[in-house]
Amino acid sequence: MTAKTYAILNYGCQMNESDAEHYAGQLQELGYKAAEDFHDADVVVVNTCCVRESAEKRILGKIGELKGVKANHPGQIVCVAGCMAQKDGGKLIKKHPQIDLLIGTAHVNGFKEILAEYLSEKGERVYNSLEVKESEFEGERIRQSGFSAWIPIMYGCNNFCTYCIVPYVRGRERSRSIENIVDEVRQAVAKGYKEFTLLGQNVNSYGKDFGVKDQFAKLLRRVNEIPGVERIRYMTSHPRDMHEDVIKAVAECEHICENFHIPFQSGSNKILKAMNRGYTREKYLELVAMIRRYVPEAAITTDIIVGFPGETEADFNDTLNLVKEVGFDAAFTFIYSKRSGTPAAAMEEQVPLEIKKARLNLLMEAQNISSLQRNEVLVGKTLEVLAEGPSNNNNKVWSGRTRTNKLVLWPVEGRDFELGDKVQVQIETAQTWLLKGKAVE
Ligand code: SAH
Ligand code: SF4
Ligand code: F3S
(Lines give C-alpha, C1' and ligand atoms only; values in the text may rest on other atoms or scores of the structure.)
(Ligands and ions follow the chains in the order given, each with its own letter.)
Protein backbone atom coordinates (compact mmCIF):
# COMPACT_ATOMS: atom_id res chain seq x y z
CA MET A 1 0.00 0.00 0.00
CA THR A 2 1.39 3.38 -0.89
CA ALA A 3 1.59 5.93 1.89
CA LYS A 4 -1.01 8.66 2.14
CA THR A 5 0.22 12.12 1.22
CA TYR A 6 -0.18 15.72 2.36
CA ALA A 7 0.37 19.23 1.01
CA ILE A 8 0.52 22.51 2.92
CA LEU A 9 -0.34 25.72 1.14
CA ASN A 10 1.12 28.43 3.34
CA TYR A 11 0.42 32.17 3.46
CA GLY A 12 1.36 35.00 5.82
CA CYS A 13 4.16 35.73 8.22
CA GLN A 14 7.05 33.75 9.69
CA MET A 15 4.80 32.56 12.50
CA ASN A 16 2.65 30.84 9.89
CA GLU A 17 5.73 29.34 8.25
CA SER A 18 6.69 27.95 11.60
CA ASP A 19 3.16 26.61 12.21
CA ALA A 20 3.27 25.00 8.76
CA GLU A 21 6.46 23.18 9.78
CA HIS A 22 4.64 21.90 12.82
CA TYR A 23 1.67 20.71 10.71
CA ALA A 24 4.10 18.89 8.44
CA GLY A 25 5.82 17.32 11.45
CA GLN A 26 2.51 16.04 12.83
CA LEU A 27 1.34 14.70 9.46
CA GLN A 28 4.59 12.78 9.10
CA GLU A 29 4.17 11.39 12.62
CA LEU A 30 0.80 10.07 11.42
CA GLY A 31 2.55 8.35 8.51
CA TYR A 32 1.78 10.83 5.73
CA LYS A 33 4.41 11.70 3.13
CA ALA A 34 4.79 15.05 1.37
CA ALA A 35 2.87 15.07 -1.94
CA GLU A 36 4.64 16.27 -5.06
CA ASP A 37 1.55 18.18 -6.15
CA PHE A 38 -1.28 19.38 -3.89
CA HIS A 39 -3.85 18.27 -6.48
CA ASP A 40 -3.05 14.65 -5.61
CA ALA A 41 -2.63 15.01 -1.83
CA ASP A 42 -4.87 13.07 0.56
CA VAL A 43 -4.73 15.92 3.08
CA VAL A 44 -4.41 19.57 2.05
CA VAL A 45 -3.81 22.20 4.75
CA VAL A 46 -4.37 25.81 3.70
CA ASN A 47 -2.62 27.89 6.36
CA THR A 48 -4.18 31.33 6.06
CA CYS A 49 -3.43 34.99 6.80
CA CYS A 50 -5.85 37.91 7.16
CA VAL A 51 -3.55 40.81 7.97
CA ARG A 52 -4.54 42.66 4.78
CA GLU A 53 -7.44 42.33 2.38
CA SER A 54 -5.10 41.46 -0.49
CA ALA A 55 -3.92 38.35 1.37
CA GLU A 56 -7.50 37.29 2.07
CA LYS A 57 -8.52 37.64 -1.56
CA ARG A 58 -5.71 35.43 -2.80
CA ILE A 59 -6.47 32.78 -0.20
CA LEU A 60 -10.22 32.81 -0.93
CA GLY A 61 -9.32 32.15 -4.57
CA LYS A 62 -7.25 29.14 -3.52
CA ILE A 63 -9.98 27.77 -1.27
CA GLY A 64 -12.42 28.10 -4.19
CA GLU A 65 -10.00 26.26 -6.46
CA LEU A 66 -9.87 23.38 -3.99
CA LYS A 67 -13.52 22.59 -4.70
CA GLY A 68 -12.61 21.40 -8.18
CA VAL A 69 -9.44 19.73 -6.97
CA LYS A 70 -11.37 17.74 -4.40
CA ALA A 71 -14.00 16.74 -6.95
CA ASN A 72 -11.21 15.00 -8.88
CA HIS A 73 -9.87 13.39 -5.75
CA PRO A 74 -12.75 11.94 -3.72
CA GLY A 75 -11.88 11.48 -0.07
CA GLN A 76 -9.39 14.33 -0.05
CA ILE A 77 -9.40 16.10 3.33
CA VAL A 78 -9.30 19.90 3.10
CA CYS A 79 -8.20 21.69 6.29
CA VAL A 80 -8.30 25.46 6.53
CA ALA A 81 -6.01 26.63 9.32
CA GLY A 82 -4.52 29.88 10.60
CA CYS A 83 -5.73 33.42 11.08
CA MET A 84 -8.56 33.48 8.54
CA ALA A 85 -9.93 30.21 9.90
CA GLN A 86 -9.91 31.85 13.30
CA LYS A 87 -11.61 35.04 12.11
CA ASP A 88 -14.17 33.81 9.59
CA GLY A 89 -14.31 30.05 10.16
CA GLY A 90 -18.08 29.81 10.54
CA LYS A 91 -18.72 31.77 7.35
CA LEU A 92 -16.09 29.88 5.38
CA ILE A 93 -17.37 26.45 6.21
CA LYS A 94 -20.93 27.42 5.23
CA LYS A 95 -19.87 28.91 1.94
CA HIS A 96 -17.29 26.27 0.99
CA PRO A 97 -18.58 22.73 1.61
CA GLN A 98 -15.24 21.35 0.39
CA ILE A 99 -13.72 22.37 3.74
CA ASP A 100 -13.57 19.37 6.07
CA LEU A 101 -11.78 20.87 9.04
CA LEU A 102 -11.19 24.35 10.44
CA ILE A 103 -8.15 24.66 12.69
CA GLY A 104 -7.89 27.90 14.68
CA THR A 105 -4.57 29.41 15.70
CA ALA A 106 -4.62 28.01 19.24
CA HIS A 107 -4.93 24.41 18.02
CA VAL A 108 -1.73 23.91 16.04
CA ASN A 109 -0.24 21.74 18.80
CA GLY A 110 -3.32 19.51 18.84
CA PHE A 111 -3.64 19.00 15.08
CA LYS A 112 -2.51 15.37 15.11
CA GLU A 113 -5.27 14.35 17.54
CA ILE A 114 -7.86 16.54 15.81
CA LEU A 115 -7.19 14.95 12.42
CA ALA A 116 -7.12 11.42 13.82
CA GLU A 117 -10.46 11.97 15.56
CA TYR A 118 -11.98 13.52 12.48
CA LEU A 119 -10.91 10.53 10.38
CA SER A 120 -12.43 8.16 12.91
CA GLU A 121 -15.64 10.16 12.47
CA LYS A 122 -15.77 11.05 16.13
CA GLY A 123 -14.29 14.51 15.81
CA GLU A 124 -15.84 17.88 15.14
CA ARG A 125 -15.22 20.10 12.14
CA VAL A 126 -14.52 23.42 13.79
CA TYR A 127 -11.70 24.17 16.25
CA ASN A 128 -11.62 27.89 16.70
CA SER A 129 -11.74 28.63 20.40
CA LEU A 130 -8.88 30.81 21.57
CA GLU A 131 -9.22 29.35 25.04
CA VAL A 132 -6.49 26.73 24.62
CA LYS A 133 -3.79 27.94 26.98
CA GLU A 134 -1.00 25.48 26.28
CA SER A 135 1.97 27.20 24.76
CA GLU A 136 4.72 24.61 25.11
CA PHE A 137 5.83 22.92 21.95
CA GLU A 138 5.86 19.15 21.70
CA GLY A 139 6.80 16.92 18.83
CA GLU A 140 8.62 17.44 15.58
CA ARG A 141 8.83 20.11 12.94
CA ILE A 142 9.64 19.35 9.33
CA ARG A 143 11.68 22.43 8.53
CA GLN A 144 11.85 24.00 5.10
CA SER A 145 15.46 25.11 5.41
CA GLY A 146 18.36 22.80 6.12
CA PHE A 147 20.41 25.26 8.18
CA SER A 148 18.08 28.02 9.43
CA ALA A 149 15.33 27.32 11.97
CA TRP A 150 12.30 29.31 13.11
CA ILE A 151 11.82 29.07 16.87
CA PRO A 152 8.55 30.56 18.19
CA ILE A 153 9.18 31.95 21.67
CA MET A 154 5.71 33.33 22.29
CA TYR A 155 2.25 33.30 20.74
CA GLY A 156 -0.40 36.01 20.48
CA CYS A 157 -0.27 39.76 20.98
CA ASN A 158 -1.57 42.15 23.64
CA ASN A 159 -0.92 45.41 21.84
CA PHE A 160 -4.09 46.11 19.89
CA CYS A 161 -2.60 48.56 17.43
CA THR A 162 -5.83 50.04 16.09
CA TYR A 163 -5.29 48.90 12.47
CA CYS A 164 -4.31 45.32 13.27
CA ILE A 165 -6.32 42.11 13.29
CA VAL A 166 -3.58 39.91 14.79
CA PRO A 167 -4.56 40.22 18.50
CA TYR A 168 -8.12 39.13 17.60
CA VAL A 169 -7.02 36.03 15.73
CA ARG A 170 -3.95 34.99 17.73
CA GLY A 171 -5.24 35.71 21.24
CA ARG A 172 -3.31 37.00 24.24
CA GLU A 173 0.43 36.67 24.73
CA ARG A 174 1.63 33.27 25.89
CA SER A 175 5.37 32.76 26.29
CA ARG A 176 7.13 29.42 26.08
CA SER A 177 9.43 28.66 28.98
CA ILE A 178 13.13 29.32 28.46
CA GLU A 179 13.81 25.61 29.05
CA ASN A 180 11.38 24.50 26.35
CA ILE A 181 12.92 26.95 23.87
CA VAL A 182 16.49 25.98 24.74
CA ASP A 183 15.60 22.29 24.34
CA GLU A 184 14.24 22.88 20.86
CA VAL A 185 17.32 24.88 19.84
CA ARG A 186 19.62 22.13 21.17
CA GLN A 187 17.73 19.46 19.23
CA ALA A 188 17.94 21.52 16.04
CA VAL A 189 21.70 22.07 16.55
CA ALA A 190 22.09 18.29 16.82
CA LYS A 191 20.43 18.02 13.40
CA GLY A 192 22.85 20.52 11.87
CA TYR A 193 20.91 23.79 12.14
CA LYS A 194 23.11 26.87 12.55
CA GLU A 195 20.88 29.92 12.37
CA PHE A 196 17.95 30.48 14.74
CA THR A 197 15.24 33.11 14.40
CA LEU A 198 13.26 33.66 17.60
CA LEU A 199 9.69 34.51 16.66
CA GLY A 200 6.90 36.46 18.31
CA GLN A 201 4.57 39.35 17.46
CA ASN A 202 6.37 41.45 20.09
CA VAL A 203 9.48 39.59 21.23
CA ASN A 204 10.45 42.41 23.59
CA SER A 205 7.56 41.52 25.87
CA TYR A 206 8.65 37.88 26.04
CA GLY A 207 8.08 36.48 29.52
CA LYS A 208 5.88 39.32 30.80
CA ASP A 209 3.05 36.81 31.19
CA PHE A 210 5.24 35.00 33.76
CA GLY A 211 5.20 38.25 35.72
CA VAL A 212 8.91 38.98 35.18
CA LYS A 213 10.44 41.83 33.21
CA ASP A 214 13.41 41.97 30.85
CA GLN A 215 13.28 38.27 30.05
CA PHE A 216 13.98 38.68 26.35
CA ALA A 217 17.56 39.90 26.79
CA LYS A 218 18.08 37.02 29.21
CA LEU A 219 16.72 34.54 26.69
CA LEU A 220 18.99 35.95 23.96
CA ARG A 221 22.02 35.52 26.19
CA ARG A 222 20.99 31.95 27.06
CA VAL A 223 20.60 30.95 23.42
CA ASN A 224 23.92 32.62 22.61
CA GLU A 225 25.63 30.16 24.99
CA ILE A 226 24.27 27.00 23.36
CA PRO A 227 27.21 25.25 21.67
CA GLY A 228 26.75 25.00 17.92
CA VAL A 229 24.49 28.06 17.56
CA GLU A 230 26.16 30.25 14.96
CA ARG A 231 23.64 32.98 14.36
CA ILE A 232 20.65 34.31 16.30
CA ARG A 233 17.97 36.52 14.81
CA TYR A 234 14.63 37.61 16.27
CA MET A 235 11.44 39.31 15.16
CA THR A 236 9.42 41.38 15.62
CA SER A 237 10.56 44.12 17.99
CA HIS A 238 8.19 46.82 19.18
CA PRO A 239 9.85 50.25 19.57
CA ARG A 240 7.91 50.88 22.79
CA ASP A 241 9.27 47.75 24.49
CA MET A 242 12.77 47.61 23.03
CA HIS A 243 15.25 48.76 25.68
CA GLU A 244 18.97 49.13 26.27
CA ASP A 245 19.31 45.61 27.73
CA VAL A 246 18.46 43.98 24.38
CA ILE A 247 20.71 46.33 22.39
CA LYS A 248 23.54 45.60 24.82
CA ALA A 249 22.98 41.87 24.42
CA VAL A 250 23.32 42.27 20.64
CA ALA A 251 26.50 44.32 21.09
CA GLU A 252 28.05 41.85 23.52
CA CYS A 253 27.00 38.40 22.30
CA GLU A 254 29.06 36.83 19.54
CA HIS A 255 26.22 35.02 17.80
CA ILE A 256 23.42 37.60 17.84
CA CYS A 257 23.20 39.25 14.43
CA GLU A 258 23.51 43.00 13.99
CA ASN A 259 20.12 43.47 12.40
CA PHE A 260 17.37 45.44 14.12
CA HIS A 261 13.90 45.15 12.60
CA ILE A 262 11.90 47.85 14.38
CA PRO A 263 8.63 48.78 12.65
CA PHE A 264 7.80 52.46 13.15
CA GLN A 265 4.56 52.45 11.07
CA SER A 266 4.21 56.24 10.88
CA GLY A 267 6.44 59.28 11.37
CA SER A 268 3.57 61.47 12.57
CA ASN A 269 2.92 61.69 16.31
CA LYS A 270 -0.78 62.29 15.67
CA ILE A 271 -1.06 59.09 13.61
CA LEU A 272 1.11 57.08 16.03
CA LYS A 273 -1.30 58.05 18.79
CA ALA A 274 -4.32 57.08 16.69
CA MET A 275 -2.59 53.77 15.96
CA ASN A 276 -2.09 53.16 19.71
CA ARG A 277 1.61 52.50 19.20
CA GLY A 278 2.75 53.92 22.54
CA TYR A 279 5.81 55.90 21.37
CA THR A 280 6.54 59.15 19.57
CA ARG A 281 8.70 59.97 16.59
CA GLU A 282 11.25 61.49 19.01
CA LYS A 283 11.38 58.33 21.14
CA TYR A 284 11.86 56.25 18.01
CA LEU A 285 14.77 58.42 16.89
CA GLU A 286 16.34 58.07 20.35
CA LEU A 287 16.09 54.30 19.99
CA VAL A 288 17.79 54.44 16.59
CA ALA A 289 20.55 56.60 18.05
CA MET A 290 21.07 54.13 20.90
CA ILE A 291 21.36 51.24 18.43
CA ARG A 292 23.90 53.16 16.34
CA ARG A 293 25.88 53.98 19.49
CA TYR A 294 26.14 50.38 20.71
CA VAL A 295 26.22 48.60 17.35
CA PRO A 296 27.50 51.03 14.69
CA GLU A 297 27.59 48.44 11.91
CA ALA A 298 23.98 47.35 12.50
CA ALA A 299 21.40 47.24 9.73
CA ILE A 300 18.10 48.79 10.74
CA THR A 301 14.93 47.76 8.92
CA THR A 302 11.31 48.68 9.46
CA ASP A 303 7.62 48.35 8.51
CA ILE A 304 5.59 51.37 7.45
CA ILE A 305 1.88 51.88 6.77
CA VAL A 306 0.65 54.67 4.48
CA GLY A 307 -2.90 55.97 4.37
CA PHE A 308 -4.00 55.25 7.94
CA PRO A 309 -7.35 57.04 8.53
CA GLY A 310 -6.83 60.77 9.01
CA GLU A 311 -3.33 60.77 7.51
CA THR A 312 -2.86 64.21 5.89
CA GLU A 313 -0.20 65.30 3.45
CA ALA A 314 1.72 66.76 6.41
CA ASP A 315 1.49 63.48 8.37
CA PHE A 316 2.72 61.57 5.36
CA ASN A 317 5.62 64.00 4.96
CA ASP A 318 6.59 63.25 8.56
CA THR A 319 6.85 59.59 7.55
CA LEU A 320 8.83 60.39 4.41
CA ASN A 321 11.23 62.61 6.35
CA LEU A 322 11.77 59.97 8.99
CA VAL A 323 12.73 57.49 6.29
CA LYS A 324 15.23 59.97 4.90
CA GLU A 325 16.56 60.91 8.31
CA VAL A 326 17.14 57.37 9.62
CA GLY A 327 18.48 55.84 6.41
CA PHE A 328 16.98 52.37 6.80
CA ASP A 329 18.68 49.40 5.16
CA ALA A 330 15.27 48.15 4.02
CA ALA A 331 11.60 48.81 4.68
CA PHE A 332 8.43 46.81 4.16
CA THR A 333 5.84 49.34 3.07
CA PHE A 334 2.11 48.71 3.17
CA ILE A 335 -1.04 50.47 2.10
CA TYR A 336 -3.44 50.64 5.05
CA SER A 337 -6.07 47.94 4.70
CA LYS A 338 -9.36 48.19 6.56
CA ARG A 339 -9.86 45.18 8.87
CA SER A 340 -13.42 44.99 10.12
CA GLY A 341 -13.66 44.70 13.87
CA THR A 342 -10.57 46.83 14.48
CA PRO A 343 -11.01 50.40 15.82
CA ALA A 344 -9.38 52.00 12.75
CA ALA A 345 -11.94 50.46 10.41
CA ALA A 346 -14.63 52.57 12.07
CA MET A 347 -12.60 55.80 11.98
CA GLU A 348 -13.77 58.63 9.78
CA GLU A 349 -11.52 60.19 7.17
CA GLN A 350 -10.49 56.98 5.43
CA VAL A 351 -7.89 57.92 2.81
CA PRO A 352 -8.86 57.31 -0.86
CA LEU A 353 -6.99 54.47 -2.57
CA GLU A 354 -5.47 56.74 -5.24
CA ILE A 355 -3.83 58.90 -2.58
CA LYS A 356 -2.58 55.84 -0.70
CA LYS A 357 -1.00 54.47 -3.87
CA ALA A 358 0.71 57.77 -4.69
CA ARG A 359 2.10 57.98 -1.14
CA LEU A 360 3.34 54.40 -1.30
CA ASN A 361 5.23 55.18 -4.51
CA LEU A 362 6.91 58.25 -3.03
CA LEU A 363 7.86 56.27 0.04
CA MET A 364 9.29 53.38 -1.95
CA GLU A 365 11.34 55.78 -4.08
CA ALA A 366 12.86 57.35 -0.97
CA GLN A 367 13.54 53.97 0.58
CA ASN A 368 15.19 52.59 -2.56
CA ILE A 369 17.64 55.48 -2.53
CA SER A 370 18.42 54.81 1.10
CA SER A 371 18.81 51.02 0.59
CA LEU A 372 21.26 51.60 -2.24
CA GLN A 373 23.26 54.11 -0.23
CA ARG A 374 23.49 51.74 2.73
CA ASN A 375 24.67 48.95 0.44
CA GLU A 376 27.19 51.07 -1.46
CA VAL A 377 29.05 51.76 1.78
CA LEU A 378 29.85 48.04 1.92
CA VAL A 379 31.71 47.89 -1.40
CA GLY A 380 35.30 46.85 -0.77
CA LYS A 381 34.50 45.30 2.63
CA THR A 382 34.82 41.58 3.37
CA LEU A 383 31.71 40.23 5.08
CA GLU A 384 30.80 36.93 6.73
CA VAL A 385 28.08 35.23 4.70
CA LEU A 386 26.14 32.08 5.62
CA ALA A 387 25.78 30.06 2.42
CA GLU A 388 22.18 29.29 1.40
CA GLY A 389 22.81 27.37 -1.83
CA PRO A 390 22.95 28.03 -5.56
CA SER A 391 21.25 31.23 -6.61
CA ASN A 392 18.08 30.63 -8.65
CA ASN A 393 19.29 27.16 -9.53
CA ASN A 394 22.37 28.60 -11.19
CA ASN A 395 25.08 26.28 -9.94
CA LYS A 396 27.80 28.71 -10.91
CA VAL A 397 26.62 31.39 -8.47
CA TRP A 398 25.88 30.89 -4.77
CA SER A 399 23.85 33.08 -2.47
CA GLY A 400 23.78 33.73 1.24
CA ARG A 401 23.17 36.39 3.86
CA THR A 402 25.39 38.67 5.90
CA ARG A 403 24.94 38.97 9.65
CA THR A 404 23.00 42.15 8.86
CA ASN A 405 20.64 40.03 6.72
CA LYS A 406 21.70 41.34 3.31
CA LEU A 407 21.55 39.02 0.33
CA VAL A 408 24.96 38.37 -1.28
CA LEU A 409 25.83 36.54 -4.52
CA TRP A 410 29.27 35.23 -5.46
CA PRO A 411 30.60 33.01 -8.26
CA VAL A 412 31.66 29.50 -7.27
CA GLU A 413 34.84 29.57 -9.41
CA GLY A 414 35.56 25.88 -9.02
CA ARG A 415 35.27 25.81 -5.20
CA ASP A 416 32.97 23.54 -3.19
CA PHE A 417 30.47 25.22 -0.90
CA GLU A 418 28.02 23.54 1.44
CA LEU A 419 24.72 24.74 2.85
CA GLY A 420 25.37 26.67 6.06
CA ASP A 421 29.09 27.28 5.36
CA LYS A 422 30.46 30.55 6.65
CA VAL A 423 32.07 32.23 3.65
CA GLN A 424 34.09 35.45 3.63
CA VAL A 425 32.91 37.47 0.64
CA GLN A 426 34.58 40.64 -0.55
CA ILE A 427 31.86 42.96 -1.85
CA GLU A 428 32.41 44.34 -5.35
CA THR A 429 29.07 45.82 -6.40
CA ALA A 430 25.98 47.06 -4.60
CA GLN A 431 22.39 47.15 -5.80
CA THR A 432 19.21 48.15 -3.97
CA TRP A 433 18.31 44.64 -2.86
CA LEU A 434 21.56 42.81 -3.38
CA LEU A 435 25.34 42.72 -2.98
CA LYS A 436 27.74 40.90 -5.29
CA GLY A 437 31.31 39.89 -4.58
CA LYS A 438 33.90 37.13 -4.56
CA ALA A 439 34.73 34.51 -1.97
CA VAL A 440 38.11 35.18 -0.39
CA GLU A 441 40.47 32.97 1.73
N1 SAH B 1 3.80 42.01 15.22
C2 SAH B 1 4.54 42.54 14.18
C3 SAH B 1 4.01 42.21 12.81
C4 SAH B 1 2.59 42.50 12.51
S5 SAH B 1 2.02 42.28 10.89
C6 SAH B 1 4.70 44.00 14.44
O7 SAH B 1 4.05 44.55 15.27
O8 SAH B 1 5.53 44.61 13.80
C9 SAH B 1 3.32 42.96 9.91
C10 SAH B 1 3.10 44.34 9.43
O11 SAH B 1 1.92 44.42 8.68
C12 SAH B 1 2.95 45.38 10.48
O13 SAH B 1 4.17 45.81 11.00
C14 SAH B 1 2.24 46.48 9.76
O15 SAH B 1 3.15 47.36 9.14
C16 SAH B 1 1.48 45.74 8.69
N17 SAH B 1 0.02 45.75 8.93
C18 SAH B 1 -0.65 45.22 9.96
N19 SAH B 1 -1.99 45.47 9.84
C20 SAH B 1 -2.15 46.18 8.69
C21 SAH B 1 -3.27 46.74 8.03
N22 SAH B 1 -4.49 46.65 8.52
N23 SAH B 1 -3.05 47.38 6.85
C24 SAH B 1 -1.81 47.51 6.35
N25 SAH B 1 -0.72 47.00 6.94
C26 SAH B 1 -0.87 46.35 8.11
FE1 SF4 C 1 -0.44 43.87 15.27
FE2 SF4 C 1 0.57 45.78 16.78
FE3 SF4 C 1 0.46 43.26 17.70
FE4 SF4 C 1 2.16 43.88 15.76
S5 SF4 C 1 2.21 44.69 17.85
S6 SF4 C 1 0.80 42.10 15.83
S7 SF4 C 1 1.07 45.42 14.59
S8 SF4 C 1 -1.29 44.60 17.25
FE1 F3S D 1 -1.10 36.98 8.84
FE2 F3S D 1 -1.77 35.82 11.05
FE3 F3S D 1 0.76 36.30 10.54
S4 F3S D 1 -2.86 37.47 10.09
S5 F3S D 1 0.66 38.16 9.34
S6 F3S D 1 -0.53 34.94 9.41
S7 F3S D 1 -0.22 36.38 12.52
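Procedures and definitions
Residues numbered from 1 in each chain as written. Chains lettered and ligands numbered in written order. Predicted model: local features only at pLDDT ≥ 70, side-chain atom pairs only at ≥ 80, totals over all residues. Heavy atoms only, no water. Near = heavy atom within 4 Å. Nonpolar A, V, L, I, M, F, W, Y, C, P; charged D, E, K, R; others polar. UniProt positions renumbered as here; feature names shortened; annotations may be inferred. Helix = DSSP H or I, 4+ residues; strand = E, 2+ residues; numbered from the N terminus. Buried < 20%, exposed > 50% of the residue type's maximum accessible area, 1.4 Å probe, protein only. Pairing = 2+ DSSP bridges. Domains from an automatic or database assignment. Contact = heavy atoms within 4.5 Å. Buried area = accessible area lost by both parts, 1.4 Å probe. Salt bridge = Lys/Arg side-chain N within 4 Å of Asp/Glu carboxyl O. Phe/Tyr/Trp six-rings, centres within 6.5 Å; stacked < 30°, edge-to-face > 60°. Axes fitted to C-alpha atoms, helices over the stretch in contact; angles between N-to-C directions. Arc of directions from axis to C-beta. Parallel < 35°, antiparallel > 145°, perpendicular 65-115°, else oblique. Left-handed = near helix turned anticlockwise from the far one by under 90°.

Section: the site of ligand 2
Phase 1: If you check the shell around ligand 2, you find C157, N159, F160, C161, Y163, C164, V166, P167, Q201, H238 and R277 and nothing else.
Phase 2: By residue class, the composition of the shell around ligand 2 is seven nonpolar, three polar and one charged.

Structural notes on the UniProt feature "binding site: [4Fe-4S] cluster 2" (unreviewed entry) in the protein
Phase 1: The UniProt feature table records "binding site: [4Fe-4S] cluster 2" (unreviewed entry) at C157, C161 and C164.
Phase 2: For C161, the position within the fold is in the loop between strand 8 (154-155) and helix 5 (166-170).
Phase 3: Given the relative accessible area of 8%, C161 is considered buried.
Phase 4: Its location among the elements puts C164 in the loop between strand 8 and helix 5.

Re the site of ligand 3
Phase 1: Around ligand 3, the surrounding shell consists of C13, N16, C49, C50, V51, C83, R170 and Q201.
Phase 2: Of the residues assigned to the shell around ligand 3, the class counts are five nonpolar, two polar and one charged.

Section: the pairing of strand 3 (residues 43-48)
Phase 1: Counting buried positions along strand 3 gives six out of six residues, so the element sits mostly inside the fold.
Phase 2: Of the two faces of strand 3, both are covered, the one formed by V43, V45 and N47 as well as the one formed by V44, V46 and T48.
Phase 3: Note: strand 1 (residues 5-10) against strand 3, five bridges, orientation parallel. Bridging from a neighbouring strand, I8 pairs with V45 of strand 3.

Observations regarding the UniProt feature "domain: MTTase N-terminal" (unreviewed entry) in the protein
Phase 1: Under the feature "domain: MTTase N-terminal" (unreviewed entry), the UniProt entry names residues 4-120.
Phase 2: Helix makes up 49% of residues 4-120 and strand 20%, and the two end C-alpha atoms of the span are 16 Å apart.

Quick look at the domain arrangement of the protein
Phase 1: The assigned domain composition of the protein is domain 1 (5-127), domain 2 (148-376) and domain 3 (382-440).
Phase 2: Each of domain 2 and domain 3 was reduced to a C-alpha centroid, and the two centroids are 26 Å apart.
Phase 3: Across the boundary between the two partners, domain 2 contributes 21 residues, which contact 17 residues of domain 3.
Phase 4: Both sides of the domain 2 and domain 3 interface together cover about 1,500 Å² of buried area, and 44% of this is carbon and sulfur.
Phase 5: Its largest share of buried area at the contact with domain 3, domain 2 owes to K194, R231 and N375, together 39% of the area lost on that side.
Phase 6: At the boundary of domain 2 with domain 3, the tally comes to four salt bridges.
Phase 7: In this structure, R231 and E384 form a salt bridge, with 3.1 Å as the shortest nitrogen-oxygen distance.

Some words on the packing of aromatic side chains
Phase 1: Within the structure shown, the criterion is met by 12 aromatic pairs.
Phase 2: Where F264 meets Y284, the ring centres are 5.5 Å apart and the plane angle is 55°; that geometry is what we call tilted. Highlighted residues: F264 in the loop between strand 12 (259-261) and helix 9 (269-274) and Y284 in helix 10 (residues 281-294), separated in sequence by 20 residues.
Phase 3: Owing to a relative accessible area of 1%, Y284 belongs among the buried residues under this scheme.
Phase 4: The interplanar angle of 45° and the centroid separation of 6.4 Å between the aromatic rings of Y284 and F328 together place this pair among those described as tilted.

Things to note about the sheet that holds strand 7 (residues 148-152)
Phase 1: Strand order in the open sheet formed by three strands is 7-10-11, with parallel pairing between adjacent strands. Sheet topology places strand 7 and strand 11 (231-235) at the edges, where each strand pairs with a single neighbour. In this sheet, adjacent strand axes meet at a mean angle of 20° when their direction is disregarded.
Phase 2: Along the sheet, helix 7 (residues 215-224) makes contact with strand 10 (195-199) and strand 11, crossing strand 11 at roughly 155°.

Comments concerning the sheet that holds strand 5 (residues 101-103)
Phase 1: With respect to topology, six strands assemble into an open sheet ordered 2-1-3-4-5-6, the strand pairing being parallel. Only two strands of the sheet have a single neighbouring strand rather than two, namely strand 2 (33-34) and strand 6 (126-127).
Phase 2: In this structure, strand 4 (residues 77-82) lies alongside strand 5, joined through three bridges in parallel fashion. Residue A81 lies in a different strand from strand 5, and its bridge partner there is I103.
Phase 3: In this fold helix 2 (residues 53-71) packs onto strand 1, strand 3 and strand 4, with an angle of close to 170° to the strand it touches most, strand 3.

Some remarks on helix 4 (residues 111-119)
Phase 1: Burial in helix 4 covers these residues: F111, I114, L115 and Y118. In an axial view of helix 4, the angular spread of the buried residues amounts to 95°, which keeps them on one side of the axis.
Phase 2: Lining the buried residues of helix 4 we find helix 1 (14-29), strand 3, strand 4, strand 5 and strand 6.
Phase 3: E121 occupies a position one or two residues after helix 4 and carries a positive phi of about 65°.

Let's talk about the packing of helix 7 against helix 8 (residues 244-252)
Phase 1: Packing of helix 7 against helix 8 brings their axes to within 8 Å, and their N-to-C directions diverge by 15°. With respect to helix 8, the element helix 7 is oriented roughly parallel. Considering the relative orientation of helix 7 and helix 8, their crossing is right-handed. Of the residues in helix 8, those in contact with F216, A217, L220 and R221 of helix 7 are D245, V246, K248, A249 and E252.

Quick word on the side chain of T236
Phase 1: By the element assignment, T236 lies in the loop between strand 11 and helix 8.
Phase 2: Setting aside residues up to four positions removed in sequence, T236 forms contacts with G200, Q201, N202, V203, N204, H261 and P263.

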